[in-house]
Every structure is written in C-alpha cells, then in structure tokens.
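Residue-level listing of the chains:
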Amino acid sequence: MTPAELSLALRAALVRAVDDGAVDLDLADLPAELHVERPRQREHGDWATNIAMQLAKKAGVAPRLIAEAVAVRLREAPGVAAVDVAGPGFLNITLDTAAAGELVRSIVEAGPGYGRTQELAGERVNLEFVSANPTGPIHIGGVRWAAVGDSLARVLQAAGAGVTREYYFNDHGGQIDRFARSLLARARGEETPEDGYGGAYIDEIAEAVVAGELAAGRPDPRTLPAAEAQEAFRAGGVDRMFSEIKASLHDFGVDFDVYFHEDSLHESGAVERAVARLRELGHIFEADGATWLRTTDFGDDKDRVIIKSDGEAAYIAADLAYYLDKRERGFDRVIIMLGADHHGYIGRMMAMCAAFGDVPGVNLEILIGQLVNLLKDGKPLRMSKRAGTVVTLEDLVELVGVDAARYSLARSSADSSLDVDLDLLTRATNENPVFYVQYAHARTANVARNAADAGVRREDGFDPSLLEHESEAVLLGALSDYPRVIAQAARLREPHRVARYLETLAGSYHKWYDQKRRVLPVGDEAVTDAHRTRLWLNDATRQVLANGLGLLGVGAPERM
RNA sequence: GCCCGCGUAGCUCAGUGGAUAGAGCGUCUGCCUCCGGAGCAGAAGGUCGAAGGUUCGAGUCCUUUCGCGGGCACCA
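Just so you know, these numbers come straight off a predicted model, no measurement behind them. (Residues numbered from 1 in each chain as written. Chains lettered and ligands numbered in written order. Predicted model: local features only at pLDDT ≥ 70, side-chain atom pairs only at ≥ 80, totals over all residues. Heavy atoms only, no water.)

Visitor: Could you clarify how one ought to interpret the domain arrangement of chain A in this entry?
Guide: Interfaces are often sized by the amount of accessible area the parts lose when they come together. Splitting chain A by domain gives domain 1 (3-95), domain 2 (124-170 + 256-424), domain 3 (174-240) and domain 4 (432-551). On a C-alpha basis, the centroid separation for the pair domain 1 and domain 3 is 70 Å. (Domains from an automatic or database assignment.)

Visitor: Explain the protein's contact with RNA strand B here, please?
Guide: Within the structure, RNA strand B sits among 59 residues, and Lys-308, Tyr-345, Asn-446, Leu-492 and Arg-500 are positioned closest to it. Sugar plus phosphate, as a fraction of atoms of RNA strand B within 4 Å of the protein: 60%. Asn-50 places a side-chain nitrogen or oxygen 3.0 Å from a base nitrogen of RNA strand B. One of the backbone N or O atoms of Met-560 is found 3.1 Å from a base nitrogen in RNA strand B. (Near = heavy atom within 4 Å. Polar contact = N/O pair within 3.5 Å; in protein donor to acceptor, adjacent residues only side chain to side chain.)

Visitor: Mind showing me how you'd approach the pattern of salt bridges here?
Guide: Should their charged atoms come close, side chains of opposite charge can pair. The final tally for this structure, using the stated rule, is 33 salt bridges. Between Arg-304 and Asp-300 there is a salt bridge whose closest N-O contact spans 2.8 Å. Relative accessible area serves as the criterion here: at 13%, Arg-304 is assigned to the buried category. The salt bridge involving Arg-517 is made with Glu-472; its shortest N-O contact spans 2.8 Å. Here Arg-517 is found in the loop between α17 (496-514) and α18 (529-551), whereas its partner Glu-472 is found in helix α16 (residues 470-492), with 45 residues between them in sequence. The class for Glu-472 is buried, based on a relative accessible area of 0%. When salt bridges that share partners are traced, they join Glu-123, Arg-333, Glu-365 and Arg-493 into one network. (Salt bridge = Lys/Arg side-chain N within 4 Å of Asp/Glu carboxyl O. Buried < 20%, exposed > 50% of the residue type's maximum accessible area, 1.4 Å probe, protein only. Helix = DSSP H or I, 4+ residues; strand = E, 2+ residues; numbered from the N terminus.)

Visitor: How do you make sense of the sheet that holds strand β4 (residues 124-128) when you look at a structure like this?
Guide: Consider a sheet: its strands pair through backbone hydrogen bonds, and that pairing is either parallel or antiparallel. Here five strands make up an open sheet; going across it, the order is β6-β5-β4-β10-β11 and the pairing parallel. One side of each edge strand has no neighbouring strand; the edge strands of this open sheet are β6 (258-261) and β11 (364-369). On average, each strand axis in the sheet is tilted by 25 degrees relative to the strand beside it, whichever way the strands run. Sheet topology places strand β5 (residues 162-169) next to β6; four bridges connect them, and they run parallel. For Glu-166, the partnering residue across the bridge sits in β6 and is Val-258. (Pairing = 2+ DSSP bridges. Axes fitted to C-alpha atoms, helices over the stretch in contact; angles between N-to-C directions.)

Visitor: Is there a simple way to explain the nonpolar core in this structure?
Guide: Considering soluble globular proteins, one finds that nonpolar side chains tend to be buried as a cluster. One finds Leu-91, Leu-127, Tyr-167 and Leu-479 to be the most contacted residues of the largest nonpolar core, which totals 121 residues. Considering every element that reaches this core, the biggest residue donor is helix α5 (residues 140-158), with eleven residues. In this view, Leu-91 contacts Leu-10, Trp-47, Ala-48, Thr-49, Ile-51, Ala-67, Val-70, Ala-71, Val-83, Asp-84 and Val-85; residues no more than four positions away in its chain are not counted. In this structure, Ala-274, Ala-318, Met-352 and Cys-353 belong to the second largest nonpolar core, which totals 33 residues. (Core = buried A, V, L, I, M, F, W, Y, C linked by side-chain atoms within 4.5 Å. Contact = heavy atoms within 4.5 Å.)

Visitor: What's the story with helix α11 (residues 315-328) in this structure? I'm lost.
Guide: Counting along an α-helix, one turn takes 3.6 residues, and residues three or four places apart therefore face a common direction. For α11, spanning 14 residues, the distance from its first C-alpha to its last is 20 Å, which sits close to the expected 20 Å at 1.5 Å a residue. Most of α11 is tucked away, with ten of its 14 residues classed as buried. Buried residues of α11: Ile-316, Ala-317, Ala-318, Asp-319, Leu-320, Ala-321, Tyr-322, Tyr-323, Leu-324 and Lys-326, and no others. Following α11 by one or two positions, Gly-330 has its phi on the positive side, about 100 degrees. (Expected span 1.5 Å × (residues − 1).)

Visitor: Explain the packing of aromatic side chains to me, please; I cannot follow it from the model alone.
Guide: For the structure on display, the rule yields 19 aromatic pairs. Here Tyr-168 and Phe-260 contribute two aromatic rings whose centre-to-centre distance is 6.4 Å and whose plane-to-plane angle is 35 degrees, an arrangement assigned as tilted. Residue Tyr-168 is located in strand β5, and its partner Phe-260 is located in strand β6; the two are separated by 92 residues in the primary sequence. Both residues of the pair, Tyr-168 and Phe-260, count as buried. Judged by centre distance (6.2 Å) and plane angle (35 degrees), the rings of Phe-169 and Tyr-259 are tilted. Highlighted residues: Phe-169 in strand β5 and Tyr-259 in strand β6, separated in sequence by 90 residues. On the basis of relative accessible area, Phe-169 is assigned to the buried category, the value being 0%. Here Tyr-259 falls in the buried class, since its relative accessible area comes to 18%. An aromatic cluster of three or more residues is present, and its members are Phe-129, Tyr-167, Phe-169, Phe-242, Phe-256 and Tyr-259. Directly above the ring of Phe-331 sits Arg-124, whose terminal nitrogen or CZ lies 4.8 Å from the centroid. (Phe/Tyr/Trp six-rings, centres within 6.5 Å; stacked < 30°, edge-to-face > 60°. Lys NZ or Arg CZ within 6 Å of the ring centre and 35° of its normal.)

Visitor: I tried to follow the sheet that holds strand β3 (residues 90-95) on my own but got confused; where do I start?
Guide: One open sheet holds the three strands; their spatial order is β1-β3-β2, and the pairing between them is antiparallel. Strand pairing shows two members of the sheet lacking a second neighbour, β1 (47-49) and β2 (80-86), which therefore form its edges. Averaged over all pairs of adjacent strands, the angle between their axes in this sheet comes to 20 degrees, without regard to strand direction. As defined by bridge partners, β2 adjoins β3 across six bridges and the pair is classed as antiparallel. Residue Val-85 lies in a different strand from β3, and its bridge partner there is Leu-91.

And the structure:
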C-alpha cells in the first residue's frame, strides 16, 4: 500500500464520518490533499496524520473527537491493521504487513520510473546555472552550481517538467577586453596589465591562440596592429576557454542543452528590440544622456541605466534581451541560479520581469546559493590566481573523483555557505557519505548476484506477509517515501533532499541486512518464499538507491 | 547605514507548525562459525546565538538584538 492509496482511504473515512453525522463539517473545507507522513517515533505506527487537529477549528469540536470518528471508519479499510488516536489528536496508522509489503512489487515493476511524478507536468523550464565568465577555468565556487544545478534539472524532470539546461557566456564587455589584453601582453612577453588576468593558464591560452592562428595560415597575431591583435586574442581566447569549460563540465557529468553567447544578443539586434518593447510599454526614460528603465515602478530600489551615455549597452540590457528571448522560445518558467555575490540583481531582474508584463516569482525565479569557503587545515584559504591557490573543477575532480565531489557539493542546502576542507578531501575521501550510500547499493547488487547463484529467483514466489520484521517495516517505510521526497525536492528546488533521503534509506538497508534477514538459504536449507520475498525487498531497495543516485549524477556501483 | 542568507552535538551539515531535535566524521565499548565489517549495536556529547511574541503546539512563523558571510555602479 502506497502513501497515496492510504491518503485516499483516509479521505474516504473522513467523508463517511461527515455523512454519518459524526463530524459536523463542510466537505468543501477539506484540504485538496490529505497527507500522511512517517512519524519520527516507530511506536507511533507506520504513518501518521494531523488532519483532525487541522479540522478542529472549522468543525468547532475537540480534535480528538474528530480523530476518534475517523479512526473507527479507517480501521475498516483494507490493508489497515490499526489506527490509534494519540496525543492532542494524531491519528497513528499501522498497515497490515502484507499490504505494506505489496509496495516492493510495485517498485520492482516500476523500475527506473519509480519516483517519477506528474507534479510539474506541462511546465517548460529553462534552468540557467554556472554561467561562469570565459576568462578563466571554473573554480570551486562555480562547481557547486554545476553539481546542484544539474541535479535540480534531473529532479525537475523526474517531477514531470520539461527542462532545458542553459549556460550563458558573458563574452562581451569590459572583462573580456581585459582578458584579451592580458593574452596579448603575455604573448608578447610583456607584464600582465594592471587590471588584467594573471595565472599560468593565460600564458597557455596565449600560446595556443598564436599557434592556432599560424596553423590556420593567418598572420602571427602578435605582429598585428593593436586593435586587430586584440580582436584575434579575444576571439581565439574566448573560443579556447569556451571549449575547456565545456569539456571539464562534461567530465563532471554536466552537459548543457544550450550554450548561449551574450555577444549574439548584441549582434542580432535583440537588445534594441527588447529596449524598444519596453519603450512601447512606457517604462523607458532618458536622463543625463543615458537611457533608463524605470525599475522603481516595480519594487527596485533605484532606476537602472540600460544604455550608457557613451552609447554602449549596460550589462542589464543584455539581460533584458536574454530574458525576452527565453520567453519567446516558449519557456513559462525561467529559473536562474546565482551565487550570493550576485543577489543584488534580484530586485532589478524581478522589476524587469514585471516591466515586460510577466509575474516575478512565477515566470522568473532567481535561486541564490551561498558561496563555498575553501579551508586548508581548518583555516580559510583565499583563492588567488597570483598565489596559485585557485582550485578549479579539474583540481577537485582529480583530488576526490566526480562522485565524491558532486555528492559533497549537492548534499547541503544551497542556502547555507559550505566549508570545504581540502585536506579532509584529500586525506580521507571515504569519510564522504557518498560511500555509505554507494556501499549500500553495491551490497544490494552483491546479494542479488549471490541469490542468482543460489537459485533464489523472484519469479518463483512472493509473499509480502512474510516481511514482518521490524527492520522490514522501517525499510518499507523509507522506500515508500521516495516519490514524496522527489516531488518535494522539485517543488522547493532543493535537490539536497535527495541526498539526505538516500542516506537514511541506505541506513535502513544496512540495518535490515545486519538483522540476518537472509536472502540466501543456509547450508542445505531449501529455498523458501521467505528468501524470495526478501530478494524482492533487496531488489526494490537497489532500484530506489540507483534511481536516487541517478538524480544526483552519482554512480551506483555494482562492486566497490 | 540599507538589503539578502546563515547561526542546531567537538567538526561539517539535515530538519519550510507537530509527539522524546537527527546524520556523517571525531571520541569510547562491543559484534566477522555461512548474503562484503566502506557495515551494525551501544555510550558520551545540545539552554537549536539571545530576548520577547503568535499558536493547543515553535529549531521552524513575527518583532527586536548579537555574531558571521555576501551585496548595495552609466563594472561585467
């Protein structure tokens, strides 16, 4: 019996209580969905609900009276073994062993589809994340968004949404100019400009650009006139940085559907069109020689310049065009993940969204993630390109591997800043909880292999009433919770919930395993339905662990 | 100064109004005569930063306050 089925039975019991006149309540006051949850304490049964307390005010009676009326009727539902009224009016529900055990069959049958819901069906989501400037490799701050963003995309898809992963390349403007100047200077053997980019990678890229131009039969860019040389290094440098970033993200298991270049917005006239549109809508004004968007009409704390007095587009101008472009591509939900150092953009971006006539928070969502603090020996480590202490995506993967890196970055809420101790990562990689979860999966795989060798086959028998051990009730409960967790993670945009869930599921499995609820017969003991049914449970657990790890982009190894 | 996020076990972090606040790591004690000990059982460790308030009920919501991080451009 799944939680959803139980929820329906609960509703039916409540409706009957009202029909019988036991509870005086308008049925329209019932919440759309009656949810049951796993109580913290096992003694409180398999499932619990506080619906009686919620309805007490509307009905004008004590919660326990409602609870009693529902309990009497719910006890008659098939699959329900016991219903108790506890405390101020909780309903504690215990399922019939066989009804609870039926769940494993539905999990095995659903396979990779177990946990998918229609929660967000029909939504077209554009999820933008990472979007690091192509002026250097992705460092550890950006890696967090790669891990979290990609998992979020998978979670949203599992909840039924159509998702496009998008990366915005800021290949236009002052920082790119500085990048190009730095390349040019280093290629000519000169000092890095005052406001330029240092680091060994600049030299490497500069060399590669020169070699690339020569190989293509074009003149040595170092010898070109200043403007042309700068352009050659800009184009060549951005291009190389672009492929490097793409490649390291790919190695990290993150592939974007769309890599969008800011430059294209300026070249295609999209910026002018967006500004013209806002002008028609009456939100544009001219002052001090610049063109402004009146964002204060929509809650921003000051108006924003979109075309500077020198005629150049300000950064936000491209954002306007970009947002409009996404909407015109048919996305009803534009989600952007940003680091906390960009949270000041929220006000203007939401105002911009409203200026277009859209609904902030619905059509445009901005998720702010806190930054990663890098530690060494427990002390803060400042990343400095000059000091060579920048930790890149590639460094991190080399140190701990993709699975451990993704998992440790994705398992905590993006709302909390995260301390990453490099020594801890290098010295004790198996302290990462990912191994706890992966080991549980490897164990299920091992049990399945051994079962096959011993002639224990699922198709020979299944008797869920034999899943009577306490550890089995706990494990079944954890398995049944999975779809709810995924739906919640999708709704709240919090993929870390998947990791936390997997840790408790793995724990329930390990405990079950250590209870000697054996899948294999001992010695010359015959294979019984008990063995076969436990194999069903083992395999269902394996399926859910694999599904969950998949949502995190982490491998589910057969052996470790 | 104003705005946002965070203060929960020694450390890193879960817990978006429910019952006795959890996990991993670290410390201590046990468990390999049959499915892998990267595991399990148990112990120790908490005034959930502080003070008020709302509620039948607050780690969770509101106000104030302290501490930490981040942000407040005609930069990108």
